[in-house]
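Results of the structural survey
Here are the chains, one letter per residue:
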Amino acid sequence: MDKLKIMIVDDDENICELLRLYLEKDGFETLTVNNGLKAVEAEGRFLPDLILLDIMLPGIDGWQVCREIRKSSDVPIIMLTAKGETFDKILGLELGADDYVSKPFDAKEVIARIKAVLRRSNISDNKDVKEVRFENLIINLTNYELVVNGQQVDTPPKELELIYHLASNPNRVYTRDQLLDEVWGFDYYGDSRTVDVHVKRLREKLEGVSERWVLKTVWGVGYKFEVK
C-alpha cells in the first residue's frame, strides 16, 4: 500500500528533521525543502498529499509559494507561522491554505492537524475511495462531495453522480441515453431532457473554474468531460 506523502518546507533544518522523524515514524513518506522557489518546483515532481509550509523562506516567501501552487494544485497546505498574528492567519486561509500551526509547536499536534486536514480533504490510503481530481475540482462519490476552488458546493446526488461519471472517463463522449442508463439506471423512464437539465445546473456551478477542463456539449451526440 502506498504511503501518503508530506512535503516539509522550512528553512530551519532542525524543524525539518524533527518533523521528518515524527512523520516517517507515523508511516508517511517525506521530502524536506529549505527554499521557496525550490518548493514550487518540488511540488510538481514529488506530488505530495499535503504540504507543511513555513512563511519566512529564502527565495520566495510562503505566501507566494502558496499562490504559485494554488495555480495548478488543490493539495492541502498547512502554514507554519512564528508570527501568530490574526492577519497572517486570515491571509493564509484566503490564499488557499487549509490550516495553520503557530510556532513553537508540538510535533504530535502537527501530525494530528495533518491527519485532520487529510480526512477533510478526503485523502486516505483507502484505494476504495471513489474520487477524481482536476484543477480546482474534487468530485468525491464516497462522501458525495463536490469541492470547487477549495469550497464545498451543495450538489444533489444525481448531479454529483453525473459529473463523477463523466469526469471518471475524460474526453469520452456519452449520448443522453447512455447517461440515463449508466447514471439513472435501466429502470428510469424519464426522457433525455433530464440529462440536459442536470448538465445545465452543473455548468452553473463549474463556470470559469478552470481552463484545463470543461463540461462540453457534443452537438447531435451528447456530452463529455473534456480535458485539454
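Below: a short report on this structure. (Residues numbered from 1 in each chain as written. Predicted model: local features only at pLDDT ≥ 70, side-chain atom pairs only at ≥ 80, totals over all residues. Heavy atoms only, no water.)

Quick notes on the packing of helix 2 (residues 36–46) against helix 3 (residues 62–70)
Geometry of a packed helix pair, given as the angle between the helix axes and the separation of the axes. At a minimum axis distance of 9 Å, the contact between helix 2 and helix 3 shows a crossing angle of 20°. With respect to their mutual orientation, helix 2 and helix 3 come out roughly parallel. For the crossing formed where helix 2 meets helix 3, the hand is right-handed. Every residue of helix 3 that contacts helix 2 at Gly36, Ala39, Val40 and Glu43 is listed here: Val65, Glu68 and Ile69. (Axes fitted to C-alpha atoms, helices over the stretch in contact; angles between N-to-C directions. Helix = DSSP H or I, 4+ residues; strand = E, 2+ residues; numbered from the N terminus. Parallel < 35°, antiparallel > 145°, perpendicular 65-115°, else oblique. Left-handed = near helix turned anticlockwise from the far one by under 90°. Contact = heavy atoms within 4.5 Å.)

A look at the environment of Leu52
On the secondary structure map, Leu52 appears in strand 3 (residues 50–54). The class for Leu52 is buried, based on a relative accessible area of 0%. For the pair Leu52 and Val110, spaced 58 residues apart in the sequence, the C-alpha separation amounts to 9.1 Å. When residues no more than four places from it in sequence are discounted, the contact partners of Leu52 are Ile6, Met7, Ile8, Val9, Leu19, Leu23, Ile78, Leu80, Val110 and Ile114. (Buried < 20%, exposed > 50% of the residue type's maximum accessible area, 1.4 Å probe, protein only.)

Remarks on the layout of surface pockets
Put simply, the largest pocket is a space of about 520 Å³. As for the largest pocket, its lining consists of 22 residues, of which Asp98, Ser121, Val147, Gly150 and Gln151 are closest to the centre. Among the secondary structure elements, those contributing two or more residues to the lining of the largest pocket are helix 4 (86–94), helix 5 (107–120), strand 8 (145–148) and strand 9 (151–153). Of the residues belonging to the lining of the largest pocket, the class tally is seven nonpolar, eight polar and seven charged. There is about 330 Å³ of room inside the second largest pocket. The wall of the second largest pocket is formed by 16 residues, among which Ser72, Ser73, Asp74, Val75 and Arg133 lie closest to the centre. A breakdown of the residues in the lining of the second largest pocket according to their chemical character gives eight nonpolar, two polar and six charged. (1 Å grid on protein atoms, 1.4 Å probe; cavity = no way out; pocket = protein on both sides within 12 Å on 5 of 7 lines; lining within 4 Å. Points joined across faces, edges and corners; volume = space filled by probe spheres on them. Nonpolar A, V, L, I, M, F, W, Y, C, P; charged D, E, K, R; others polar.)

Details of unusual backbone geometry
Following Lys103, the chain continues into Pro104 via a peptide bond in cis, with omega recorded as -5°. Relative to the helices and strands, Pro104 resides in the loop between strand 5 (99–102) and helix 5. Positive phi is not limited to glycine here, since Leu47 has a value of about 50°. Mapped onto the secondary structure, Leu47 falls in the loop between helix 2 and strand 3.

Topic: the sheet that holds strand 11 (residues 213–218)
Ordered by their spatial adjacency, three strands build an open sheet running 10-12-11, and the pairing between neighbours is antiparallel. Of all strands in the sheet, those bounded by a partner on one side alone are strand 10 (174–175) and strand 11. By the bridge criterion, two bridges tie strand 10 to strand 12 (residues 222–227) in an arrangement that is antiparallel. Paired with Tyr174 across the two strands is Tyr223, which belongs to strand 12. (Pairing = 2+ DSSP bridges.)

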